[in-house]
Amino acid sequence: MYAQLVETGLKEVQGRADMSAEEQAFQARIDAGIKIEPKDWMPEAYRKTLVRQMSQHAHSEIVGQLPEGNWVTRAPTLKRKSILLAKIQDEAGHGLYLYSAAETLGVSRDELLDALHAGKAKYSSIFNYPTLSWADIGAIGWLVDGAAIINQIPLCRCSYGPYARAMVRVCKEESFHARQGYDIMIKLAQGSPAQKAMAQDALNRWWWPSLMMFGPSDAESVNSAQSAQWRIKLFSNDELRQRMVDQTVPQAEFLGLTVPDPDLKWHAETGHYEFGAIDWSEFYDVLKGNGPCNRERLRTRVTAWEEGAWFREALVAHADKQTANKAA
Amino acid sequence: MSKEWPLWEVFIRSQHGLAHKHVGSLHAPDAAMAVNNARDVYTRRNEGVSIWVVKAADIVASSPADKEALFEPSNSKVYRHPTFFPMPEEVKNL
């Protein structure tokens, strides 16, 4: 979800018979629930898949600051502004935890950033949607961070040690994000008719993209099956999406808002909500770069990186000078 | 493109009386910036009262391949644990 459609580079899930002795020992450790650490032997496909997944996750955290940044100067009160700034700072922190964890696999930070800036690495589709009103900041915290929590809690138990530890830190901070979002929604939903309409409009626009975050059904996906075998994916996209719908619909009801899905139905016998069909053509279109904000998001990141170059270089020059002075 | 900022490992002491604990890593051009960045990245919620930063390149670590040679010998020395010695129930303060 923050990582969507992660490629493993494999055409079929590796069976025991196809594994070398090293690979069998590796899989046995994963099956026994033993964490894989950076210096341990690992199959090249596992390493590459994790680099893709973790860097995509990190890029999502960093790009995810942009839609929210749009409202920092226009937050309704100083308190809301401080909270939003703290939340955005957390997102930067989450990106940094994840980049560091990815670097333990032998890629450099600059390589990861170059891949993002060149458009080679992906980030979550959700951050290519615009934030048109203050209610969107509420909807993002509530729905987007809510979906992120559902995805990330299982990852705290994933097989790669540094990734799992980064997820523990992220999850501790993430529930603040979801709550501050829902708090904004409560205020608007209990406000004037215009404020309530603004909250409803935000829900209308963010509901389906939030469900798309989990990615299309991966029941048939070789990549997902292999990732499940490696325990870097613990639940299917559909399972996580169902969990999202089940926990979010009652929250919308509490707000007195309507989920924009005429097919939404509660099934007492299964204990789950049934929901309408998702327009996956929109999802693929956004992934291809044709979402409402794809170009603007990437351009903003590239500009920030390029215009900050002189400053990064100056700090290195200063550090080199200090080292030279000390040596002299 | 200029060289990449070096990687630093960050250790935080959460309270007085506890040891510094490894919390993660970050990039910074020098030690002073590493401490500043560590404050922002790892102590936004009062997680610490003290920060250590060490250049990752300066850390010497044991290799997973040496695990048996290093740690196997202590497996057979269970008598190093107090629970190895059963004590009569009526004997107190031991």
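Here is a short report on the structure shown in this document. (Residues numbered from 1 in each chain as written. Chains lettered and ligands numbered in written order. Predicted model: local features only at pLDDT ≥ 70, side-chain atom pairs only at ≥ 80, totals over all residues. Heavy atoms only, no water.)

**Considerations on the state of the cysteines**
Residues and elements named next belong to chain A. One pass over the structure, following the stated rule, counts zero disulfides over all chains. Unpaired in this structure, Cys 158 has its nearest cysteine sulfur neighbour in Cys 156, at a distance of 8.2 Å. With no disulfide partner, Cys 171 has as its closest neighbouring cysteine sulfur the one in Cys 156, 3.7 Å distant. Judged by its relative accessible area of 16%, Cys 171 is buried. (Disulfide = S-S within 2.5 Å. Buried < 20%, exposed > 50% of the residue type's maximum accessible area, 1.4 Å probe, protein only.)

**Let's talk about the pattern of salt bridges**
When the charged atoms of two side chains lie near each other, side chains of opposite charge can form a pair. Residues and elements named next belong to chain A. Applying the stated criterion across every chain yields a total of 17 salt bridges over all chains. Where Arg 205 meets Asp 136, a salt bridge forms, and the shortest distance between an N and an O atom there is 2.7 Å. Separated by 69 residues along the polypeptide, Arg 205 in helix α8 (residues 193–212) and Asp 136 in helix α6 (residues 134–155) bring together distant segments of the chain. Overall, Arg 205 belongs to the partly exposed group, its relative accessible area being 25%. Taking the relative accessible area as the measure of exposure, Asp 136 reaches 0% and is therefore buried. Measuring nitrogen to oxygen at the nearest pair gives 2.9 Å for the salt bridge that ties Arg 205 to Asp 201. Taken together, the residues span about one helical turn, with Arg 205 and Asp 201 both in helix α8 at a distance of four residues. Residues joined by salt bridges that share partners form a network here, namely Glu 68, Lys 87, Glu 91 and Asp 145. (Salt bridge = Lys/Arg side-chain N within 4 Å of Asp/Glu carboxyl O. Helix = DSSP H or I, 4+ residues; strand = E, 2+ residues; numbered from the N terminus.)

**Digging into the interface of chain A and chain B**
With 23 residues of chain A at the interface, the matching set in chain B holds 22 residues. Linking chain A to chain B there are four salt bridges. Put simply, Arg44(B) and Asp90(A) hold a salt bridge, and the shortest N to O gap is 2.7 Å. Connecting chain A to chain B are twelve residue pairs in polar contact (both at pLDDT 80 or more). Within the residue set of the side of chain A that touches chain B, elements represented by two or more residues are α4 (78–103), α5 (109–117), α7 (161–189) and α13 (309–327) of chain A. At eight residues, α4(A) tops the list of elements feeding residues into the side of chain A that touches chain B. For the side of chain A that touches chain B, the class distribution of residues is six nonpolar, six polar and eleven charged. (Contact = heavy atoms within 4.5 Å. Polar contact = N/O pair within 3.5 Å; in protein donor to acceptor, adjacent residues only side chain to side chain. Nonpolar A, V, L, I, M, F, W, Y, C, P; charged D, E, K, R; others polar.)

**A closer look at the layout of surface pockets**
Estimates place the volume of the largest pocket at around 1,200 Å³. Lining the largest pocket are 31 residues; nearest its centre among them are Arg165(A), Glu9(B), His22(B), Val23(B) and Gly24(B). Every element with two or more residues in the lining of the largest pocket is listed here: α4 and α7 of chain A together with β1 (7–13) and β2 (21–27) of chain B. The greatest single-element share of the lining of the largest pocket, amounting to seven residues, is contributed by α7(A). Grouping the constituent residues of the lining of the largest pocket by class yields 14 nonpolar, seven polar and ten charged. Estimates place the volume of the second largest pocket at around 910 Å³. Together, 32 residues line the second largest pocket, and Leu96(A), Arg109(A), Trp305(A), Arg312(A) and Trp5(B) are the ones closest to its centre. Of all the secondary structure elements, the ones that give two or more residues to the lining of the second largest pocket are α4, α5, α12 (294–307) and α13 of chain A together with β2 and α1 (31–42) of chain B. (1 Å grid on protein atoms, 1.4 Å probe; cavity = no way out; pocket = protein on both sides within 12 Å on 5 of 7 lines; lining within 4 Å. Points joined across faces, edges and corners; volume = space filled by probe spheres on them.)

**Section: the nonpolar core**
General note: in soluble globular proteins, nonpolar side chains tend to be found buried as a group. Formed by 50 residues in total, the largest nonpolar core has its most connected members in Trp134(A), Trp142(A), Leu143(A), Val144(A), Trp206(A) and Trp207(A). Among the secondary structure elements, those contributing two or more residues to this core are α4, α6, α7, α8, α10 (237–255) and α11 (280–290) of chain A. Those residues in contact with Leu143(A) that sit more than four places away from it in its chain are Leu203(A), Trp206(A), Trp207(A), Ser210(A), Met244(A) and Thr248(A). With 40 residues, the next largest nonpolar core counts Ile62(A), Leu98(A), Trp230(A) and Val10(B) among its residues. (Core = buried A, V, L, I, M, F, W, Y, C linked by side-chain atoms within 4.5 Å.)

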